[in-house]
Amino acid sequence: MDEINLNIQSARIGHQGTGKYQLTLVMLNKPDVDVLRRIVGAKPALKYLYDGSDITFYLLLILNQTGKKIRIPVNASAGTLKWLELIDRQLVDTVSFAHFDGKGGLIKQSEPIKIANAPGA
């Protein structure tokens, strides 16, 4: 599967208050967010790669309509390792996009995109 390399600044998973969670991908600016949103398209799948022996794991956003993937490195800390169980249990059901506001905050863009079940899940 071909990989699309993008300058994603960070990834965050947060509770939506509905028992489900949302993955937020953070870019530097609004034009970058617009490009990423077009690339992701509709109904991407979410998986991860982690062997338990490294300080980094990778979120994989599988772009079902193109057969490509986006790989996002994440520091494997006590907080982020909890994400793996949420992904395994398919509790992360949307992906949203944001960019920095220049003052240390984030500005979320548009409506989130629904995540499809990962292939083989």
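Residues numbered from 1 in each chain as written. Predicted model: local features only at pLDDT ≥ 70, side-chain atom pairs only at ≥ 80, totals over all residues. Heavy atoms only, no water.

Undergrad: Tell me about the side chain of histidine 99, and please be specific about residues and values.
TA: Looking at the element boundaries, histidine 99 is found in strand β7 (residues 92-100). A distance of 3.0 Å separates the side chain of histidine 99 from the side chain of glutamine 109, its partner in a polar contact. Excluding anything up to four places from it in sequence, histidine 99 contacts Val26, Met27, Leu28, Asn29, Lys30, Val33, Gly105, Leu106, Ile107 and Gln109. (Helix = DSSP H or I, 4+ residues; strand = E, 2+ residues; numbered from the N terminus. Polar contact = N/O pair within 3.5 Å; in protein donor to acceptor, adjacent residues only side chain to side chain. Contact = heavy atoms within 4.5 Å.)

Undergrad: Can you break down the sheet that holds β7 residue by residue, with the values?
TA: In spatial order, the strands read β2-β3-β7-β8; together these four strands make up an open sheet with mixed pairing. Both outer strands of the open sheet, β2 (10-15) and β8 (106-114), are each paired with one neighbouring strand and no more. This sheet shows a mean twist of 25° between the axes of neighbouring strands, independent of strand direction. Direction of pairing for β2 relative to strand β3 (residues 21-27): antiparallel, over a ladder of six bridges. Looking at β3, one finds that serine 10 is bridged to valine 26. Against the sheet, helix α2 (residues 78-88) touches β2, β3 and β7, its axis set at about 65° to β2. (Pairing = 2+ DSSP bridges. Axes fitted to C-alpha atoms, helices over the stretch in contact; angles between N-to-C directions.)

Undergrad: Residue-level account of the packing of aromatic side chains, with values.
TA: Applying the stated criterion across every chain, the model contains two aromatic pairs. Plain terms: the ring middles of tyrosine 50 and phenylalanine 57 are 5.9 Å apart, the flat faces sit at 70° to each other, and that makes the pair edge-to-face. Judged by relative accessible area, which is 28%, tyrosine 50 ranks as partly exposed. Classification of phenylalanine 57 by relative accessible area gives buried; the value is 0%. Through a chain of ring-to-ring contacts, the aromatic side chains of Tyr50, Phe57 and Trp83 assemble into a single cluster. Positioned above the aromatic ring of tyrosine 58, the side-chain terminus of arginine 71 is 4.5 Å from the ring centre. (Phe/Tyr/Trp six-rings, centres within 6.5 Å; stacked < 30°, edge-to-face > 60°. Buried < 20%, exposed > 50% of the residue type's maximum accessible area, 1.4 Å probe, protein only. Lys NZ or Arg CZ within 6 Å of the ring centre and 35° of its normal.)

Any functional reading would require information beyond the geometric quantities listed.
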